[in-house]
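# Descriptive analysis of the structure
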Amino acid sequence: MKCSSCQLWNTNPVASTRAFGIESLRFTWGKIYIQFCSPCITFYLSSFSAFGSQALVSYVLEKELLSESFSLVAEEDSGDLRNDGSQEVLERITELMNDTLTSDGTYKVLLAEDVLTAIDSGKSEGGPHGQHWVLDPIDGTKGFVRGDQYAIALALLDEGKVVLGFLCCPNLPLTPITSHDQSSSQNQVGCLFYATVGSGTYMQSLDGSSPIKVNVSAIENPAEASFFESFEAAHSLHSLSSSIAKKLGVKAPPVRIDSQAKYGALARGDGAIYLRFPHKGYREKIWDHAAGCIVVTEAGALVTDAAGKPLDFSKGKFLDLDTGIIVTNKKLMPLLLKAVQDSLSEASSAQAAPSL
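Conventions and cut-offs
Residues numbered from 1 in each chain as written. Predicted model: local features only at pLDDT ≥ 70, side-chain atom pairs only at ≥ 80, totals over all residues. Heavy atoms only, no water. UniProt positions renumbered as here; feature names shortened; annotations may be inferred. Helix = DSSP H or I, 4+ residues; strand = E, 2+ residues; numbered from the N terminus. Areas by Shrake-Rupley, 256 points an atom, 1.4 Å probe, with all protein chains shown as cover. Buried < 20%, exposed > 50% of the residue type's maximum accessible area, 1.4 Å probe, protein only. Lys, Arg positive; Asp, Glu negative; His and termini not counted. Salt bridge = Lys/Arg side-chain N within 4 Å of Asp/Glu carboxyl O. Polar contact = N/O pair within 3.5 Å; in protein donor to acceptor, adjacent residues only side chain to side chain. Contact = heavy atoms within 4.5 Å. Pairing = 2+ DSSP bridges. Axes fitted to C-alpha atoms, helices over the stretch in contact; angles between N-to-C directions. Arc of directions from axis to C-beta.

The chain is annotated in an unreviewed UniProt entry as 3'(2'),5'-bisphosphate nucleotidase of Macleaya cordata. Recorded under Function (unreviewed entry), the UniProt text for the chain is reproduced unchanged: "Converts adenosine 3'-phosphate 5'-phosphosulfate (PAPS) to adenosine 5'-phosphosulfate (APS) and 3'(2')-phosphoadenosine 5'-phosphate (PAP) to AMP." According to the UniProt record, the Cofactor (unreviewed entry) comment for the chain reads "Mg(2+)".

### Digging into the overall build of the chain
Within the chain, the regular secondary structure consists of nine helices and twelve strands. Of the roughly 16000 Å² that the chain leaves accessible, carbon and sulfur atoms contribute 49%.

### A short note on the UniProt feature "binding site: Mg(2+)" (unreviewed entry) in the chain
This chain's UniProt record puts "binding site: Mg(2+)" (unreviewed entry) on Glu75, Asp136, Ile138, Asp139 and Asp288. Taken together, the annotated residues stretch across 214 residues yet fold into one region, lying no more than 9.9 Å apart by C-alpha. Summarising the element assignment, Ile138 is placed in strand E2 (residues 131-139). Following the sequence through the fold, Asp288 ends up in the loop between strand E10 (273-276) and helix H8 (290-297). Judged by relative accessible area, Asp288 falls into the buried class, the value being 14%.

### Let's talk about the side chain of Asp136
Relative to the assigned elements, Asp136 resides in strand E2. Among buried Asp, Glu, Lys and Arg side chains, Asp136 stands out as unpaired, with Arg276 the closest opposite charge at 8.9 Å. A polar atom in the side chain of Asp136 sits 3.5 Å from the backbone nitrogen of Asp139. Beyond its immediate stretch of four places on either side in the chain, Asp136 contacts Glu75, Ala151, Ile152, Ala153, Trp287 and Asp288.

### Focus on the sheet that holds strand E11 (residues 301-305)
Pairing between the strands of a sheet is mediated by backbone hydrogen bonds and can be parallel or antiparallel. Across the sheet, which stays open at both edges, the five strands sit in the order E9-E8-E10-E12-E11 with mixed pairing between neighbours. A strand with exactly one partner marks an edge of an open sheet, and here the two such strands are strand E9 (255-257) and E11. Between one strand and the next, the sheet's axes are offset by a mean angle of 20 degrees, whatever the strand orientation. Sheet topology places E10 next to strand E12 (residues 325-329); four bridges connect them, and they run antiparallel. Within E12, the position partnered with Arg276 by the bridge is Ile325. In the packing of H8 onto the sheet, the strands contacted are E11 and E12, and the crossing angle to E11 comes to about 140 degrees.

### Points about helix H6 (residues 238-248)
Those residues of H6 that fall on the buried side of the exposure criterion are His238, Leu240, Ser241, Ile244, Ala245 and Leu248. All buried residues of H6 fall inside an arc of 160 degrees around its axis, so they share one side. Of the residues in H6, the exposed ones pointing more than 90 degrees away from the buried face are Ser239 and Lys246.

### Side note on the sheet that holds strand E6 (residues 201-205)
What the seven strands build is an open sheet, ordered E1-E2-E3-E4-E5-E6-E7; its pairing is mixed. Of all the strands in the sheet, just strand E1 (72-74) and strand E7 (212-214) have a single pairing partner and so form its edges. Adjacent strand axes in the sheet meet at a mean angle of 20 degrees, parallel and antiparallel pairs treated alike. Here strand E3 (residues 151-158) pairs with strand E4 (residues 161-173) via seven bridges, running antiparallel. Within the sheet, the bridge partner assigned to Leu154 lies in E4 and is Phe166. Across the sheet, H8 is in contact with E2, E3, E4, strand E5 (189-196) and E6; its angle to E4 comes to roughly 95 degrees.

Written as C-alpha cells, this is what we have:
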C-alpha cells in the first residue's frame, strides 16, 4: 500500500504530431511521471526522484517512438546507482517503475539493469543535426525538496531548433501567482504546459481537464510589469535584477520561484519579465531552458541573452550565452535590453574602479 502522501499524475494530454519525423507521439504523464513521497523513502529524495523520472521518460519515449535512432540529452547518468551501497535505492526505483508501467499491461516487467540502461540512454551530446530529446527529470531540485515549485521538462530538438516542449509543474497553482500569493490549496495546483512550433502554447490541469491556449502579458508600460527570477540567490544575481527593474521603473517586488515553472507562469501572463543572471563562470545547460523556451515563445514572448541574441540549442549540452537570459513580450523587449545593458555596464565599471 502506498502512503497518502504519494502523488501520481494520470493526465492524458499532449501531443499527436506527424511533423519532424514523428508518426504519432501520444504522451501520457501518468506513464511518464512516477510515484515519489518523502515518508516512503529514507535516502536522498531529489536524486532518487530524478533517477526514476529520467528512467521512466527515457524508457517510454524509446518504446513509443517509431524511429530507428533515439537520442536523449539528459541530466543524470547511472554511475551513482551502480555503486555497491545503492542497491536498495535501485531496487526501490525499479519497483516503482514497474508499479507505474505494468498497471495496465502495456509494458513488461523491468529488471534493475533495464532501469540503469534507460537512465543511460540520456548520454547523447545533442548538436545541430538530427533529432534529440532534451530532458530535465526534476528541474528545480531545491524547490522539489522543499515542496515548492519544480518541473519535469522535456523538449525536442530538430536540426538544432526546439520544435516541441512539455513542462509538467505539479505544484504550480492553476490561478495566477504574484509576489504576495505564490501558493494555493491542494486541489488547485498542478499544470501541464505544452507547445509545438507555430501552433501556440496550451495549459491544462493535471486532473485531465480540457487544455486552454495561453498568451504572455501584453503590458507595454514597465511600471505596470512584474518580474520573475530564481528563488535561490546562488542561481541568479538578485542585485543585478534589482538594478534592471529600477531602471525600467518596475514597482512590483520580484516573484521568486524555482525551476522552469517560471517559463510556464510567464507564458500564461502571470508576470511580464523573467531575468536570469548566473554567477560568473556558470555555464547554462540546454535541459534547463529548452522546454521552457518554446513554451514561452509560442505564447508570444522573446527569449534572448543579454546581447539580444536568441538562445542557440545547437551547440551540444551547453548554451553559448552573453552573460544571462532575459524574457519578455515584444513590446517591452527593447526597453528591457537597454536596461540590462546599462546595468551590466555600470556593474562592470564599478568592479573596475580602484578602491579608495
